[in-house]
Amino acid sequence: FHPTLVRIRQRMPTFGDHVAVRTPFLESYDDYARLVSLADVGISLHVSSSGLDLPMKAVDMLGCGVPVLALGYATLENEMISAGRNGLVFSNA
């Protein structure tokens, strides 16, 4: 393991026998992209106050080939997500 990861794991709290807090250590964008690409689906609950910006989390997931379920607004639906192709947009739970 990378020395920084070893130090992080040594300081990591554990909670009883069943729960442990684990933080992946990412050295590069490639590590981040590999980690994101392991997901079957991504969820974005981002709400744009202006209605114009794009949620970067969803951009990252789509860039890694992960379909996205996203809380919708016009820019998101028009610019990023095509229902059934790379994800789905919803308006309420």
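Below is a summary of the structure that appears in this document. (Residues numbered from 1 in each chain as written. Predicted model: local features only at pLDDT ≥ 70, side-chain atom pairs only at ≥ 80, totals over all residues. Heavy atoms only, no water.)

### A few points about the packing of aromatic side chains
- Overall, the coordinates contain one aromatic pair when judged by the stated rule.
- Taking the centre distance of 6.2 Å and the plane angle of 50 degrees together, the rings of Tyr29 and Tyr32 count as tilted. Taken together, the positions of Tyr29 and Tyr32, both in helix H2 (residues 29-37) and three residues apart, correspond to about one turn of that helix.
- Tyr29 sits in the exposed class, given a relative accessible area of 55%.
- For Tyr32, a relative accessible area of 29% translates into the label partly exposed. (Phe/Tyr/Trp six-rings, centres within 6.5 Å; stacked < 30°, edge-to-face > 60°. Helix = DSSP H or I, 4+ residues; strand = E, 2+ residues; numbered from the N terminus. Buried < 20%, exposed > 50% of the residue type's maximum accessible area, 1.4 Å probe, protein only.)

### Focus: the pairing of strand E4 (residues 68-71)
- Here E4 shows a buried face lined by Val68 and Ala70 and an unburied face lined by Leu69 and Leu71.
- The pairing of strand E3 (residues 42-44) with E4 spans three bridges and is classified as parallel. Looking across to E4, one finds that Gly42 is bridged to Val68.
- Viewed along the sheet, the connection from E3 through helix H3 (residues 56-63) into E4 turns out right-handed.
- Where E4 lies against strand E5 (residues 87-90), four bridges are found, and the strand directions are parallel. The partner of Leu71 across the bridge, within E5, is Phe90.
- For the crossover that starts at E4, traverses helix H4 (residues 74-79) and ends in the parallel E5, the hand is right-handed. (Pairing = 2+ DSSP bridges. Right-handed = clockwise from strand over helix to strand, strands pointing away.)

### Quick notes on the environment of Ile43
- Residue placement: Ile43 occurs in strand E3.
- Judged by relative accessible area, Ile43 falls into the partly exposed class, the value being 49%.
- Considered as a pair, Ile43 and Lys57 are 14 residues apart in the sequence and their alpha carbons are 8.7 Å apart.
- Contacts of Ile43, omitting those with residues within four sequence positions, involve Lys57, Met61 and Leu69. (Contact = heavy atoms within 4.5 Å.)

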